[in-house]
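Structural description and commentary
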Amino acid sequence: MLRVCLCVLLLGVPVSAQVLQLSAGRSTLLGGTGGEITAFFPESALSASAGFANGHFVLGASDTFKFHGLEITAGDKTFGYSFDGAGLGVTTRGLFVQRKARHNTFVVFVGSTGIGYATPFMVTAEDQHIGAGFFLQRQFANGLLLSSLAMIDGGKHTVVQGLSYQGHNHRLAGSGGLLQNQKYFSGEADYQPIHGLSFSATHNDYFLADHLTANSLSAFAALGRVTLQASVLDGRYKMTKTTGASAGSSLRLSSITARSSFYESNHRILLVHVVQENLHRWTFSGIVNQTLGQTSYAFGGGYRGNKISVSLDHSVLFFPIGAKGFQQTTTVQVSLRIHDATLNFQTNVDPMMHVQYTTYASSYVQGPLSGPAMISYSHSTGGKFVIAGAVVDERGQPMEGAAIQLQGGAVVYSDSQGKFFARVKHDKPSALVVLLSEFAAPGRWAVISCPMDAVPGTEVLIRLRREIAP
Amino acid sequence: MKRASSLLLPQLLFFGLAVSAQTISPMIVECGKKCRGEFSITNNGLTPLAVTVEARSFSLDTLGRATNRPLDPAVDLKLEEGSARISPKGTHTFAYQLKCADPSCSVVLLSSMVVGHTAEGILVRVQLAHTIYACEKQKDCRKKVRAAAGGKVE
């Protein structure tokens, strides 16, 4: 009955929302397929999620709003915090009260815990246990940061205390306690004696199916265009010990960076040489791998633009589980923006060395209370020819914020001098349309004169008149 | 259901308009006589944002305060775009090429945007600056410009 009420409420509310966010996707890494709708009001947001996770239909909802300086969430949310090497993320359903100030963060949760799915496109929870928790973090003026985390998750108890100190040239951090009924300790020390030289040591315990311990020592030096780094790693899991060592250097010459790295683990040596070139928005990389007397070649790269970003990355990661040591991994990431919608696709390698993927789409829809929403148009796509002009009012004064659409759909806005320009690929006239409803300038306007089209290389003049409100 | 509706109503009535901060990155860059650079504006709001970019030369006084003026003839600046519409929660990158004919050039790219646009008036007008220091050599260009202006150099 509660679920039916929530559905009716959440489906009815979007009609009056200022902005709606719609998301949908699938992830093998996060284990779910589904979608979410979020309705944004001036100072609150209502969300509803539905989908399938491990073959089961799942549903979630939440309402976040502000009340006397507190941020309150009623519904499904992840109680997740990390500090000083410690971290906890539990799916919850209940009441969250959060207060964030400049030096303090305080969060209290009361409700239930259980299996949940927190993805960029769906947040759901299933009640399993009674739960409660709090998180407190305070930054002191002398560089100390104190963090406290406590949670009851059914029969699992967590009490973790963290403390870090940021000095002039060093940082010390440690945390310890009980993390979901298991003893836990983590420590980290960083030291930077001079600019460009740093040392770091870490110790971490992870709790998977068995107890996993990982330690590392590393050093980094930067000398102008040259960087040097070295590290020693050690991991223990299920009575198996895995050790590794790495060293590398890089040289940067203009837009080209060459990097060579040596990796050794389980008596296996891997040499990786990478040459990378950055050309404006493009990145190209060539990789040579040498291991066990064999040489292999790989290529990577990417493009980063306002509408599309693509990358193919090659990296070497340390996998302590299964005594795998250093392994080569390749990840692919694609992000596409069409008007107000984004499409994302990404592959990841999990700790068991399985390739997982996540893909989702998200879009914003402007509601009736959001004011005069700007419609979606593309922008200048670049080119060597320039269409330029100026917008003035009836007194000849420059007008800022006027929207002008060019042939092909590109929309440009006039600046404080009333001037606008767009780059086009072809040296031919382009039709001009003044989009009165898209003005960023206040007031109501009418067109006195506007040329039918604009020729690259010449300036056009657009004259407008302010309409008196009836 | 009745209780849920009664909780929802006060929210709709009493909460004011939230204006999210917009961000620019990077704020300051140093480069040589010829350089190619870019800066990004992030729209942290939930509605689309119209942004216009204008270039100005500037000079510093002894206290490091900047005075803007029209772009100097010694500066050859080619902006890829002069304006953009940025989607909700989206980021837009503006690219440029700059050539400086003087020993040093100080240029600021001012990004203007209107947050909370209505037909009747502007609620908030935001201007964010991306500052470019161009010298013969990129290294310590900002320090040199500040020192030349008689300012205190850290």
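The structure presented is a predicted model; accordingly, all values stated were derived computationally and were not measured.

Here we come to the overall build of chain A. Of regular secondary structure, chain A possesses 1 helix and 34 strands. Taken along the three principal axes of its C-alpha coordinates, chain A extends 80 × 65 × 50 Å. For chain A, buried positions account for 27% of its 470 residues. Sequence separation of 24 or more characterises 42% of the internal contacts of chain A that already satisfy a separation of 6 or more.

On to the overall build of chain B, then. Tallying secondary structure elements over chain B gives 2 helices and 10 strands in all. Residues classed as buried in chain B amount to 29% of the 154 residues present.

Another point: the confidence of the model for chain B. Residue and element names in this part refer to chain B. Averaged over every residue, the pLDDT of chain B is 80; the share at 70 or more is 79%. By mean pLDDT, the top-scoring element of chain B is strand S6 (residues 75-79) (93), and the lowest-scoring one is helix H1 (residues 2-14) (37). Ignoring residues within four places in sequence, the model shows residues 1-19, a span with pLDDT below 50, making 20 contacts including any to other chains.

Residues and elements named next belong to chain A. Structurally, Phe-439 is set in the loop between strand S31 (430-434) and strand S32 (444-449). Given 26 C-beta atoms within a 10 Å radius, Phe-439 is considered buried. Sequence-distant contacts of Phe-439, defined by excluding residues within four places in its chain, comprise Gly-401, Ala-402, Ala-403 and Trp-445.

This part covers the domain arrangement of chain A. Domain annotation of chain A identifies domain 1 (1-193 + 351-372), domain 2 (209-337) and domain 3 (385-467). A separation of 31 Å is found between the C-alpha centroids of domain 1 of chain A and domain 2 of chain A.

On to the sheet that holds strand S27 (residues 385-392) of chain A, then. Residues and elements named next belong to chain A. Taken in spatial order, the 4 strands line up as S30-S27-S34-S32 in an open sheet, and their pairing is mixed. Only two strands of the sheet have a single partner each, and these edge strands are strand S30 (419-424) and S32. Between one strand axis and the next, the sheet turns through 30 degrees on average, direction left out of account. Of the strand pairs in this sheet, S27 and S30 are connected by 6 bridges, and their pairing is antiparallel. Within the sheet, the bridge partner assigned to Phe-385 lies in S30 and is Val-424.

As a further point, take unusual backbone geometry. Here B:Ser25 and B:Pro26 are connected by a cis peptide whose omega angle stands at -10 degrees. Note that B:Pro26 resides in the loop between strand S1 (23-25) and strand S2 (28-31). One non-glycine residue, A:His339, lies in positive phi territory at about 55 degrees. Among the secondary structure elements, A:His339 is positioned in the loop between strand S24 (325-338) and strand S25 (341-349). We classify A:His339 as partly exposed; it has 16 C-beta atoms within 10 Å.

So, about the sheet that holds strand S8 (residues 91-100) of chain B. Residues and elements named next belong to chain B. Ordered in space as S1-S3-S8-S6, the 4 strands form an open sheet in which the pairing is antiparallel. Each edge of the open sheet carries a strand with a single partner, namely S1 and S6. Each strand of the sheet is rotated relative to its neighbour by a mean of 25 degrees, with strand direction disregarded. Relative to S8, strand S3 (residues 34-42) runs antiparallel, the two being bridged by 9 bridges. Across the sheet, residue Thr-42 finds its bridge partner in S8, namely Thr-91.

Moving on, we get to the confidence of the model for chain A. Mean pLDDT over chain A: 86, with 90% of residues reaching 70 or higher. Confidence, expressed as mean pLDDT per element, reaches its minimum in chain A at helix H1 (residues 2-12) of chain A with 50 and its maximum at strand S11 (residues 144-153) of chain A with 95.

Attention shifts here to the nonpolar core. Side chains of a nonpolar character, in soluble globular proteins, are inclined to be buried together. Among the nonpolar cores identified, the biggest contains 45 residues, and A:Ala402, A:Val412, A:Tyr413, B:Ala50, B:Val51 and B:Ala134 are the most heavily contacted of them. Listed in part, the 14 residues of the second largest apolar core include A:Phe79, A:Tyr81, A:Ala86 and A:Leu179.

Bringing the environment of A:Phe299 into the picture now. Residue and element names in this part refer to chain A. Along the chain, the position of Phe-299 falls in strand S22 (residues 294-304). Under the C-beta neighbour-count criterion, Phe-299 is labelled exposed, with 10 such atoms within 10 Å. Excluding its chain neighbours within four sequence positions, the residues that come into contact with Phe-299 are Ser-285, Gly-286 and Ile-287.

Our next topic: the pairing of strand S17 (residues 226-237) of chain A. Residue and element names in this part refer to chain A. One ladder, built from 12 bridges, connects strand S16 (residues 211-223) with S17; its direction is antiparallel. Looking at the pairing, Asn-215 lines up with Asp-234 of S17. The sheet contact formed by S17 and strand S18 (residues 240-253) spans 12 bridges and is antiparallel. What sits directly across from Leu-228, in S18, is Ser-249. The antiparallel hairpin formed by S17 and S18 contains 2 residues in its connecting segment, where Lys-238 sits at a positive phi of about 50 degrees.

Attention now moves to the environment of A:Phe57. Checked against the element boundaries, A:Phe57 lands in strand S4 (residues 56-67). Separated by 24 residues in sequence, A:Phe57 and A:Thr33 place their C-alpha atoms 9.7 Å apart.

Definitions and limits used
Residues numbered from 1 in each chain as written. Chains lettered and ligands numbered in written order. Predicted model: local features only at pLDDT ≥ 70, side-chain atom pairs only at ≥ 80, totals over all residues. Helix = DSSP H or I, 4+ residues; strand = E, 2+ residues; numbered from the N terminus. Buried ≥ 20, exposed ≤ 12 C-beta atoms within 10 Å, placed from the backbone. Contact = placed C-beta atoms within 7 Å. pLDDT = per-residue confidence, 0-100. Domains from an automatic or database assignment. Pairing = 2+ DSSP bridges. Axes fitted to C-alpha atoms, helices over the stretch in contact; angles between N-to-C directions. Core = buried A, V, L, I, M, F, W, Y, C linked by C-beta atoms within 7 Å.

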